[in-house]
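Overview (structure and organization)
The chain contents come next:
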Amino acid sequence: MAKVILDSKAVSKAIKNIAKEIFKSNKNIADLAFIGIHTKGVFIAQRIVREISEIAKFNPDYIPFGTLDITLYRDDLDDFDLDMPVIKDTIIPFDISQKNIILVDDVLYTGRTVRAALDVLTDFGRPKCIQLAVLVDRGFRELPIEANYIGVKHESKENIKVECTEIEKEDKVIILK
């Protein structure tokens, strides 16, 4: 049985709040670029970009956007045994140099996904800075990684799943029992 911690309305509000904070902290939108970590981080990043474009009153297509797959950079590939992980496309169609990268993921827990994402990004160049935005921070970090922008903090060692309309047909965040 799953327990809902954010319904559709709360997910939308959290994303709007993240967008407002990013806009407030980054006055020069021309320096920003967004990169979503596959899979749910991509959808959340797209929504944040749309919200920022509404706040700043300009076309969201003007904000550089990319997607990142960290599969081959994971430190737990040996744990997959014979089940090969699915590798998705990393698409970064812009020069990340001199950009303030907003790296977006759905849930921050141990910090290992973010560490892998940072490794991938350095293969593409050296950005001016990298900021992290997450929908849910569940605490219990294993690495010294913290998000700059957080939709909601919900400390839990239980698995937290973000569901998005793009895949599951409904936005919500649940604790899996």
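1. A short note on the overall build of the chain
When helices and strands are tallied, the chain shows four helices and eight strands. Going residue by residue from the N terminus, the α and β elements of the chain occur as β-α-β-α-β-β-α-β-β-β-α-β. In terms of overall size, the chain behaves like a compact globule, its C-alpha atoms giving a radius of gyration of 16 Å where 177 residues would be expected to give roughly 16 Å. By the burial criterion, 45% of the 177 residues in the chain qualify as buried. Put simply, of all contacts in the chain between residues at least 6 apart along the chain, 70% involve residues at least 24 apart. In the chain, the 26 positive side-chain charges and the 29 negative ones have mean positions that sit 7 Å from each other.

2. Describing the sheet that holds strand β4 (residues 100–108)
Strand order in the open sheet formed by five strands is β3-β2-β4-β5-β6, and the pairing between neighbours is parallel. Each edge of the open sheet is held by one strand with a lone partner, namely β3 (65–68) and β6 (149–153). For this sheet, the mean angle separating the axes of adjacent strands, direction not counted, is 25 degrees. Two strands pair when backbone bridges link them, and strand β2 (residues 32–37) and β3 are joined in this way by four bridges, in the parallel orientation. If you follow G36 over to β3, its bridge partner there is T67.

3. A few points about unusual backbone geometry
A cis geometry characterises the amide bond from H38 onward to T39, with omega recorded as 0 degrees. Among the secondary structure elements, T39 is positioned in the loop between β2 and α2 (40–56). Of note in the backbone geometry, K169 takes a positive phi value of approximately 75 degrees without being a glycine. Positionally, K169 belongs in the loop between α4 (165–168) and β8 (172–176).

4. Section: the sheet that holds strand β1 (residues 2–6)
Judged by pairing direction, the sheet is antiparallel, and its three strands sit side by side in the order β1-β8-β7 without closing on themselves. Strands with a single pairing partner mark the edges of an open sheet, and in this sheet they are β1 and β7 (160–163). If you compare each strand with its neighbour and ignore which way they point, the axes differ by 35 degrees on average. Summarising the sheet, β1 and β8 pair through four bridges and their orientation is antiparallel. By the bridge assignment, K3 is partnered in β8 with I175.

5. What about the pattern of salt bridges?
Tallied over the entire structure, the rule returns 13 salt bridges. Between K24 and E21 there is a salt bridge, and its shortest N-O distance comes to 3.7 Å. On the criterion of helical spacing, the pair formed by K24 and E21 is a turn pair, its members being three residues apart in helix α1 (residues 8–25). A salt bridge links D137 to R141, with the nearest nitrogen and oxygen atoms 2.9 Å apart. Three or more residues are tied together by salt bridges with common partners; here these are K40, K161, E163, E168, E170 and K172.

6. Notes on the side chain of Q131
Looking at the element boundaries, Q131 is found in strand β5 (residues 129–137). Setting aside residues up to four positions removed in sequence, Q131 forms contacts with N26, N100, I101, I102, L103, N148 and Y149.

What counts as what
Residues numbered from 1 in each chain as written. Predicted model: local features only at pLDDT ≥ 70, side-chain atom pairs only at ≥ 80, totals over all residues. Heavy atoms only, no water. Helix = DSSP H or I, 4+ residues; strand = E, 2+ residues; numbered from the N terminus. Rg over C-alpha atoms; globule rule 2.2 N^0.38 Å. Buried < 20%, exposed > 50% of the residue type's maximum accessible area, 1.4 Å probe, protein only. Contact = heavy atoms within 4.5 Å. Lys, Arg positive; Asp, Glu negative; His and termini not counted. Charge placed at Lys NZ, Arg CZ, Asp CG, Glu CD. Pairing = 2+ DSSP bridges. Axes fitted to C-alpha atoms, helices over the stretch in contact; angles between N-to-C directions. Salt bridge = Lys/Arg side-chain N within 4 Å of Asp/Glu carboxyl O.

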